[in-house]
Amino acid sequence: MATGDTLLQGINRNTMANMPDGTSGQVLTAQGAGVDPVYAAGGSGGLDIGDSDWGAMDDFTNWLQTVSGGTTLRKVHDSYVNTGTVAAQYASIYYDHYKQNALVTNFGKPIELFFMLGAQFTIAAGKAYLKLDDANDVADPTTRAMGFRLDGQAVKGIAHDGTTLTVTDLAVSIASAPHRLHLKFTPIVKIEFYVDGILKGTQAVDLPSGNLTAGRISMGASLTSGITAYILEMYRYAYKFGW
């Protein structure tokens, strides 16, 4: 055994095997239950939300809520939305960037959004949104916006240029475990959507431009049918507007 070795537990739990070394820059990537992890190229979506350009926060006490039958939690280090168990109920929380910072959100400059979802995660028949726009509703945006939409477990990227909504299927599903959603917007050019540090989709049409009046960052969920509540937890978020 040498420095940097990674040991894998055998199926009978009594043996350990030395995993083949990866190369510089690769990351250890899970392959699912019962399957050995592998080294793979690291996604270019890595970020340091501790640098001074980021508004990185885990205090949700200054977030506001909009609910119809649902409930929310907004405290330091944790937040969630819970639709309740009746169809058409919803719950949403949002951070009013303009009101809190007196700064206009300008789509003429680069923007990044980062959401760290927690383990309290119950997927039901419904939709959830993590987005930036002037609304704080739990629905597809009808004005300039961008963010993520969860159709049950399926993750989609969304963008609206003020006229047309475009949805990008990221071909990934998330279940009840922590996940990182990261959006990188280059004005006029593209939006890149990352899930857990890996680029999953790029959108180059119907990109927003101009300014937002409120510039609200929001998380919300709505229940379509069934008797299981849609619960979504977030314990950290970050944003970078025009670095």
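Conventions we followed
- Residues numbered from 1 in each chain as written.
- Predicted model: local features only at pLDDT ≥ 70, side-chain atom pairs only at ≥ 80, totals over all residues.
- Heavy atoms only, no water.
- Helix = DSSP H or I, 4+ residues; strand = E, 2+ residues; numbered from the N terminus.
- Buried < 20%, exposed > 50% of the residue type's maximum accessible area, 1.4 Å probe, protein only.
- Areas by Shrake-Rupley, 256 points an atom, 1.4 Å probe, with all protein chains shown as cover.
- Phe/Tyr/Trp six-rings, centres within 6.5 Å; stacked < 30°, edge-to-face > 60°.
- Core = buried A, V, L, I, M, F, W, Y, C linked by side-chain atoms within 4.5 Å.
- Contact = heavy atoms within 4.5 Å.
- Pairing = 2+ DSSP bridges.
- Axes fitted to C-alpha atoms, helices over the stretch in contact; angles between N-to-C directions.
- Polar contact = N/O pair within 3.5 Å; in protein donor to acceptor, adjacent residues only side chain to side chain.
- Salt bridge = Lys/Arg side-chain N within 4 Å of Asp/Glu carboxyl O.

In this section: the overall build of the protein chain. Scanning the protein chain from terminus to terminus reveals one helix and 21 strands. Scored against the burial criterion, the 243 residues of the protein chain give a buried share of 42%. Carbon and sulfur atoms make up 51% of the accessible area of the protein chain, which amounts to about 11500 Å² in all.

Within this structure, the stated rule accounts for eight aromatic pairs. Note on Phe148 and Phe193: the rings are 5.6 Å apart at their centroids and 75° apart in plane angle, and the pair reads as edge-to-face. With Phe148 in strand 13 (residues 145-151) and Phe193 in strand 17 (residues 190-195), the pair connects residues that are 45 residues apart, well separated along the chain. With respect to class, Phe148 is no different from Phe193; both count as buried. Joined through ring pairs, the aromatic side chains of Phe60, Trp63, Tyr95, Tyr237 and Tyr239 make up one cluster.

To continue, consider the nonpolar core. Phe115, Met146, Val155, Leu232 and Met234 are the most contacted members of the largest nonpolar core, which has 41 residues in total. When residues of this core are assigned to their parent elements, the largest contribution, five residues, is made by strand 11 (residues 111-122). The contacts of Met234, once residues within four sequence positions are left out, are Phe60, Trp63, Asp78, Ser79, Phe115, Met116, Leu117, Gly118, Leu130 and Met219.

This next bit is on the sheet that holds strand 13. One open sheet holds the seven strands; their spatial order is 6-9-20-12-13-14-15, and the pairing between them is antiparallel. Looking at strand neighbours, the two that pair on one side only are strand 6 (64-68) and strand 15 (165-173), the edges of this open sheet. Strand-to-strand twist of the sheet, defined as the mean angle between neighbouring strand axes without regard to direction, takes the value 15°.

Turning next to unusual backbone geometry. The residue His77 is not glycine, and still its phi comes out positive at about 75°. Looking at where His77 falls in the secondary structure, it is placed in the loop between strand 7 (71-75) and strand 8 (78-82). A positive phi angle, close to 55°, is found at Asp206, a residue other than glycine. Secondary-structure assignment places Asp206 in the loop between strand 18 (198-203) and strand 19 (211-212).

What follows covers the pairing of strand 17. Taking burial as the measure, the six residues of strand 17 include five buried ones, the bulk of the element. The pairing of strand 16 (residues 179-186) with strand 17 spans six bridges and is antiparallel. Note on strand 17: the bridge partner recorded for Phe185 is Ile191. Turn length for the strand 16-strand 17 hairpin, with the two strands adjacent in sequence and antiparallel, is three residues, and the turn residue Ile188 shows positive phi of about 70°. Relative to strand 18, strand 17 is paired through five bridges, and the arrangement is antiparallel. Across the sheet, the residue bridging to Tyr194 is Leu199, located in strand 18. Two successive antiparallel strands, strand 17 and strand 18, enclose a turn made up of two residues, where Asp196 displays a positive phi of approximately 55°.

As a further point, take the side chain of Thr166. Structurally, Thr166 is set in strand 15. The buried category is assigned to Thr166, whose relative accessible area is 17%. A polar contact is formed between the side chain of Thr166 and the side chain of Asp206, at a distance of 2.2 Å. Every residue in contact with Thr166, bar those within four places of it in the chain, is listed here: Gly157, Ile158, Ala159, Gln203, Val205 and Asp206.

Moving on, we come to the pattern of salt bridges. Note that side chains of opposite charge can pair when their charged atoms are close. As enumerated under the stated definition, the model contains eight salt bridges in all. Two residues, Arg149 and Asp140, come together in a salt bridge whose shortest N-O distance is 3.0 Å. The exposure class of Arg149 is buried, given its relative accessible area of 8%. Across the pair Asp151 and Lys156 runs a salt bridge, and its minimum N-O distance is 3.0 Å. Look at the salt bridges and you will find they share partners, linking Asp140, Arg149, Asp151 and Lys156 into a network.

Below, the discussion takes up the pairing of strand 15. In this structure, strand 14 (residues 154-160) lies alongside strand 15, joined through six bridges in antiparallel fashion. Bridge pairing in strand 15 places Ile158 opposite Val167. Where strand 14 hands over to strand 15, the hairpin turn is made up of four residues, of which Gly162 adopts a positive phi near 105°.

By themselves, these observations are geometric and do not establish any function.
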